[in-house]
Structure formats: C-alpha cells, structure tokens
Amino acid sequence: MSDLVLDHLVYAGPDLEEAVARVAELTGVTPVRGGRHVGFGTANYLADLGAGAYLEVVGPDPDQPEHVGPRPFGVDELTEPALVTWAARAQGIDDAIAEARERGYDPGEASEMSRTTDDGEVLAWRLTGAGGLDGLAPFLIDWGSTPHPTTRGLPSIPLLLVTGVHPEPAAVESAVRALGMDMLVRRDAKPGLVAVLTNSAGKQVTLS
C-alpha cells in the first residue's frame, strides 16, 4: 500500500470572510489567502498544521458571483462554518484508488482541479470526490509536480489530533483503514470531525 498521509483539513462556510474570522478568533492566527477555484465558485485561505499538512478555509468566492450549480464541499447548504472533510495525500492516486477498492472501500474516480493564486500562478492537482461517510472518510489528492501549499510559508496553527464522531463509527474506521490510515471515531447521532489545535498562546483549542 502506498503510504497515505493527512494532506489537509477542510473548514468550509457559507461566507468565506466569516469562516476565516472564526479560525482567527479561535486560534489567534489568521489564515492567508490561497486563491480562487475558477469555475467552481469558491476561494480559499490557508494555514500550516505542521508535518506537511495544512488547513484549508473555503467558501463562496465573491469575485465569482454568477456561479451556477452547487459549489464544492456543500458550502451552499452550510448555515455556519464547520470542519466538513479531510484529504489524504497520495503519490500515484490511481494506484491508491485501486488498492483501497481491493480492501473494500471505493474512494471514487480521480479528476483534475486547479486554483489560480492572486499573482496569476495556476496550481493543478488530481483528487477524488468529496470524502465519503459524511466527509469522515477522506478524499484523496495527488499534487503531481505542483509544489505543495505548505512550501509557501503559511502561518502556523499546529495540529495535535483529528478524531471523528459518526452514527456508524466502525464503517468509518474500516474505510480509513482501507486507505492505510487510522482515525479514532466515537459514536454520535450527528457526524463530524474534531481537530485539536494549538493556539498562538500555546493552549489547546478544538475546531469542529
């Protein structure tokens, strides 16, 4: 099994600026602008979580007001910002998909996506659809030859732990294991992800 690792957590909201402000208020660290997902109707801000992972804060892009159709990560259905899913990094995404299917979990097909930074650079990657099992099973991402976002000098919000809650914790844990990873999942009627972070004062805070 090609080793998959946490690539990023997705914190999405119906208002991008509000979602960024929530993270800043909680952690004392303000994520920096990443860029626009042209044609998808969203834009993002980023912060470094350590160990090669990052936090993506995503929401509707005010510069793409005419967007038609649902935006990624269900941002149109959200009433407030929430940690909606996470991504596992694969080097060789097609092999990782095939191996997960052999182990009983289908992460879906890979497709192309890109984002344009404010200075006009286009970053491209391949990824599977948004995470399964209410977002608790990660989607897969392969950056190919594109430099990883954590190489861009992002502000730091160290991540300590990610856990999940779900009505069927065994199903989630089984899917995550099929990807060669582990996550602790507790039983709860309402599914969700919980990230334990270190704020700018060195205290533990939770983002969910």
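Before any of the text, the structure's been laid out above.
Throughout, residues of each chain are indexed from 1 in the direction in which the sequence is written. In view of the model being predicted, local features appear only for residues whose pLDDT reaches at least 70, and side-chain atom pairs are presented and counted only at 80 or more, with totals across whole chains, interfaces and linings using the full set of residues. Only hydrogens and water are set aside when side-chain values are computed; all heavy atoms of the structure are taken into account.

Provide a residue-level description of helix α1 (residues 16-27), including the pertinent values.
Put simply, DSSP H or I for four residues or longer makes a helix, DSSP E for two residues or longer makes a strand, and each gets a number counted from the N terminus. Here the expected length of a helix is defined as 1.5 Å per residue gap, with one fewer gap than residues. With 12 residues, α1 extends 17 Å from end C-alpha to end C-alpha; this agrees with the ideal 16 Å at 1.5 Å per step. Buried, partly exposed and exposed residues are distinguished by accessible area as a fraction of the type maximum, computed with a 1.4 Å probe on protein chains only: under 20%, between the cut-offs, and over 50%, respectively. For α1, the full list of buried residues reads L16, A19, V20, V23, A24 and T27. Viewed along the axis of α1, the buried residues span an arc of 135 degrees, placing them on a single side of the element. The criterion used for residue contact is that any of the two residues' heavy atoms lie within 4.5 Å. Elements in contact with the buried residues of α1: β1 (5-12), β3 (42-50), β4 (53-60), β11 (192-198) and β12 (204-207). Residues adjacent in sequence count toward polar contacts only when both atoms are side-chain atoms; beyond that, a polar contact is any pair of N or O atoms within 3.5 Å, and within protein one must be able to donate a hydrogen and the other to accept it. The backbone nitrogen of E17 lies 3.1 Å from a side-chain oxygen of the residue at the head of α1, namely D15. Among the residues trailing α1, G28 stands out with phi positive, at a value near 80 degrees. The arc in question is traced by the directions running from the helix axis to the C-beta atoms.

Would you mind going over the side chain of E56 in detail, with residue names and values included?
Mapped onto the elements of the fold, E56 is located in strand β4. One buried charge, E56, has no salt-bridge partner; the nearest side chain with opposite charge is R115, at 5.9 Å. This count recognises Lys and Arg as positive and Asp and Glu as negative, with His and chain-terminal groups excluded. By definition, a salt bridge exists where a carboxyl oxygen of Asp or Glu is found within 4 Å of a side-chain nitrogen of Lys or Arg.

Help me get a handle on the layout of surface pockets, residues and values and all.
Taken as a whole, the largest pocket encloses approximately 400 Å³ of empty space. Taken together, 16 residues form the lining of the largest pocket, with A82, L83, K190, P191 and G192 sitting closest to its centre. Looking at the lining of the largest pocket, the elements that each hand over two or more residues are β5 (82-89) and β11. In this classification, Asp, Glu, Lys and Arg are treated as charged, Ala, Val, Leu, Ile, Met, Phe, Trp, Tyr, Cys and Pro as nonpolar, and every other residue, Gly included, as polar. Across the lining of the largest pocket, the residue classes tally to 10 nonpolar, 3 polar and 3 charged. In this analysis a 1.4 Å probe is tested at points of a 1 Å grid over the protein atoms alone, and where it fits but cannot get out there is a cavity; an open set with protein on both sides within 12 Å along at least five of seven lines is a pocket; lining residues have an atom within 4 Å of a point. Grid points are joined across faces, edges and corners, and a volume is the space filled by probe spheres set on the points.

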